Structures are given as C-alpha cells and as structure tokens.
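# Summary of the model geometry
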Amino acid sequence: MFVRDLIDLNQLSLDELDDVVDMACRISSHPTHYSSACRDKLMATLFYEPSTRTQMSFQSAMLRLGGKIIGFDNPNGTSVAKGESLKDTVMVLSGYTDIITIRNPLEGAAFAASLYSQVPVINAGDGGHLHPTQTLTDIVTLRNVLGRTENLVIGMCGDLKNGRTVHSLCKTMCRYGGNSFVFISTEELGMPQYIKDIITRSGCKYTEVRTIEEAMPYLDVLYMTRIQRERFDSFEEYKAQEGIYVLDEAKMKLGRPELCVLHPLPRVDEIAYEVDDDPRAYYFKQTLYGMYARMALIIRLTSDSEKFIPKVPKPTHDFTCHNPKCITQFEKYLPHLTVETPDGPVCAYCEH
Ligand code: CP
C-alpha cells in the first residue's frame, strides 16, 4: 500500500521508493506521455517560506501532468496575517483541492498539516528538519548520473546542522547497502547526533573532517550546502561561519574523474562559478530531475481521488516538546504526540 502523505521519505519501503524513482526516470524519457495523468486535479502550494525550485518544480510538475494549481508564496497576503492557524488554513484548502504541498519554517509543520487534511500532504521543507522531495530529487539524479544508489562514498559539506536536505538524504541513503558518509563542516555546524545515530544503527559508517581537501580524493558524491543564514539566532553567529567552505577549480582537481557534485541550491558563495563548467558539476541537471521526481510523486499520491476524513490522534502525553523550533510551540491546539524509536520516545512532529 502506498502512503497517504509524504512527510518523511522513510515512510516508503525501499521498493516503493524505487518504484517512484523508476517512474520519474520513465517520465524524464517521455514527459509528454504523462501530459494528462492529473487532468482535473488541483494542487495547493502553501509556501510560508521563500522557495524557487521546490515551489516552481511542483507547480511545473502539476501543470505538465495536465492539472491545475492554486496557492501562496507569501503568507502575509493571506489570512495567516490576521492570525489564522495552520489547522484552519489546511482544513479550508484541503476542501478546495486534491493535494497540498507545504513549506513552513517550523519543524513538524507538514506532519501537523497532515493531521487536518482531507487530501494528501507533501512536505516541501519543514524548517531545519526534513526535505523529502529534495532527497527524491537527489536519488533520481544519482540513478541517472552514476547508475546506482548503493556502495557510494558521499561527502556532505557546509551547514550540516541546519540543512534539512542533508538530514533527509542521510536518513534515506543509509537504507541502501554499502554507503558511507564524510561530513565536512565546522564543529558548530556538524551533523546532529540523532542523524549520526540513525546512520550507526543502519550499519553504515561516517567520518567527520574539517576540510574539503582531505575528503575530496575518496568521494563518489560531493553534496555542497549553503550556510542557512535564516536559521541562526544572530547575524554575528552567521558571519562567523560565512565563506569557510568554497569549492573551486583547485579543489575540483583533487576529485576523482567520476565524482558527482550536487547542491540542492540556492548557492551563495560555496561553489565558485568556475566550477559550473566542470562536467562533474550536476547541480543544474539535478533541478530538472526534481521536476520529474515530483511529477512521479504527484501521480502516486493522487491516484486515489477519494477525500479522507482526517482523524486527529489522542495526545500521548501532556508536556510540550522542548525544541523551540517545533510547530507545537506555536500552534497550541496540536496534540502532544511521541513515537517510539530504538533510543526512546521522540516528538512525532520534529523528532527531538
Ligand atoms: N532546493 C530547494 O529547496 O530550493 P528552494 O529553496 O529554491 O526551493
């Protein structure tokens, strides 16, 4: 059975995930064959945070499938500015549409939205937590460029603390056999412990280094990320991290001929423009694979056109999650929910 919502890519079995990836590859070869796959379907894109690729690739995907779109990219132009809750916005929009994509700066916002929606909800990025459709994009890209998603040495560089793309990517790539990770970051912006624990439990290995140069010769994939200015508590803390990692032609010379350089984009200064001409730079192709990946996902999630009656679970406890960026800190009506993990219970919204 395919999932109802896509909040975390780990909701899919590897077979289901590969099924979506296979479909994305088929769509990329023959996009016009799918030009009426979502005729009469309407998608809402609720973007509470800025976006170019995710928002517009979702919109392009639905339009290329013959569907239609409504939505917003600035909540200040909607009743959110008058204090409308996430629950109320989602309940209304899920009545109007067949599928919702949501990006929100708060961790767990997409899961919260899914509790009140009559239609499938896709997480288009929830704060510094997860970005599952970026990971789907990355996997479709790896499949097309390297022909495999296992037995890879994957370097991740930059803001690994706040970068939701690398969190999602680690959680998924450690489910494929033989992958290992090299985390390249400052001490302050290292990969969160809970992600490292997930990797260890999967049987995969990771190492942590401070420079691109020491990792470069060993990598199959180098995943660059920007320093996430909007997630820092102060501008001074951001300035202290700015410009430390820059991939340039000199560093590319240390890489293997079959290296695949990816970046979820947008870039700030972490990849010099001179690298764009290197045949190992795949980050613009990656954005195109993102549209095909989202086309495949929309087809799968809208294949059942019945609306659901949302069932909000009963609270599992009465204390609030201690993560200050968790959606439950702001939308007080949300039930407090935990899920069990091998390390004990964690917040069902943000995993803290
Ligand atoms: N990769 C990504 O999420 O880009 P946007 O922020 O432009 O959507």
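Residues numbered from 1 in each chain as written. Predicted model: local features only at pLDDT ≥ 70, side-chain atom pairs only at ≥ 80, totals over all residues. Heavy atoms only, no water.

This next bit is on the site of the ligand. Within the structure, the ligand sits among S51, T52, R53, T54, R103, H131, Q134, P264 and L265. Measuring from an oxygen atom of the ligand, one finds a backbone N or O atom of T52 at 2.8 Å. Take R53: an N or O atom from its side chain is 2.9 Å from an oxygen atom of the ligand. Relative to its free-state accessible area of 260 Å², the ligand is covered by the protein chains to the extent of 92%. If you map the ligand onto the pockets, it falls in the second largest pocket. Looking at the shell around the ligand, its residues break down into two nonpolar, five polar and two charged. (Near = heavy atom within 4 Å. Polar contact = N/O pair within 3.5 Å; in protein donor to acceptor, adjacent residues only side chain to side chain. Areas by Shrake-Rupley, 256 points an atom, 1.4 Å probe, with all protein chains shown as cover. 1 Å grid on protein atoms, 1.4 Å probe; cavity = no way out; pocket = protein on both sides within 12 Å on 5 of 7 lines; lining within 4 Å. Sits in = over half its atoms within 2 Å of the grid points. Nonpolar A, V, L, I, M, F, W, Y, C, P; charged D, E, K, R; others polar.)

Below, the discussion takes up the environment of M252. With respect to the helices and strands, M252 occurs in helix α10 (residues 249-252). For the pair M252 and P217, spaced 35 residues apart in sequence, the C-alpha separation works out to 9.4 Å. When neighbours within four sequence positions are excluded, M252 is seen to be in contact with M216, L247, L259, V261, V275, D278 and R280. (Helix = DSSP H or I, 4+ residues; strand = E, 2+ residues; numbered from the N terminus. Contact = heavy atoms within 4.5 Å.)

Right, let's get into the pattern of salt bridges. Under the definition given, this model contains 17 salt bridges. For the salt bridge of D220 with R256, the shortest nitrogen-to-oxygen distance reads 2.5 Å. Taken together, the residues D220 in the loop between α8 (212-215) and β8 (221-224) and R256 in the loop between α10 and β9 (260-262) connect sequence positions 36 residues apart. Judged by its relative accessible area of 9%, D220 falls in the buried class. A relative accessible area of 28% places R256 in the partly exposed class. The partner of K239 in a salt bridge is E242, with the nearest N and O atoms 2.7 Å apart. The exposure class of K239 is partly exposed, given its relative accessible area of 42%. On the basis of relative accessible area, E242 is assigned to the partly exposed category, the value being 33%. (Salt bridge = Lys/Arg side-chain N within 4 Å of Asp/Glu carboxyl O. Buried < 20%, exposed > 50% of the residue type's maximum accessible area, 1.4 Å probe, protein only.)

This brings us to the packing of aromatic side chains. Enumeration over the complete set of coordinates arrives at eight aromatic pairs. Geometrically, the ring pair formed by Y116 and Y333 is edge-to-face, given 6.0 Å between the ring centres and 70° between the ring planes. Here Y116, found in the loop between α4 (109-115) and β4 (121-126), pairs with Y333, found in the loop between α11 (283-301) and β10 (338-341); they are 217 residues apart in sequence, far enough to count as distant. Y116 gets classed as buried once you look at its relative accessible area, which sits at 7%. Residue classification places Y333 among the partly exposed positions, given a relative accessible area of 32%. Note on F181 and F183: the rings are 6.2 Å apart at their centroids and 25° apart in plane angle, and the pair reads as stacked. Relative accessible area serves as the criterion here: at 1%, F183 is assigned to the buried category. Here the aromatic residues F181, F183 and Y206 are joined through ring pairs into a cluster of three or more. Lying across the ring of Y273, R267 places its NZ or CZ 3.8 Å from the centre. Taking NZ or CZ as reference, R294 lies 5.2 Å from the ring centre of F58, over its face. (Phe/Tyr/Trp six-rings, centres within 6.5 Å; stacked < 30°, edge-to-face > 60°. Lys NZ or Arg CZ within 6 Å of the ring centre and 35° of its normal.)

Below, the discussion takes up the side chain of R103. Structurally, R103 is set in strand β3 (residues 99-104). Despite its burial, R103 pairs with no opposite charge, the nearest such side chain being E49 at 4.3 Å. In terms of polar contacts, R103 uses its side chain to reach the side chain of T54, at 3.0 Å. A distance of 3.2 Å separates the side chain of R103 from the side chain of H131, its partner in a polar contact. With near-sequence residues (within four places) excluded, R103 lies in contact with L46, F47, Y48, E49, P50, S51, T54, A124, G125, H131 and R164. (Lys, Arg positive; Asp, Glu negative; His and termini not counted.)

Functional significance is not addressed by these values, which are geometric in nature.
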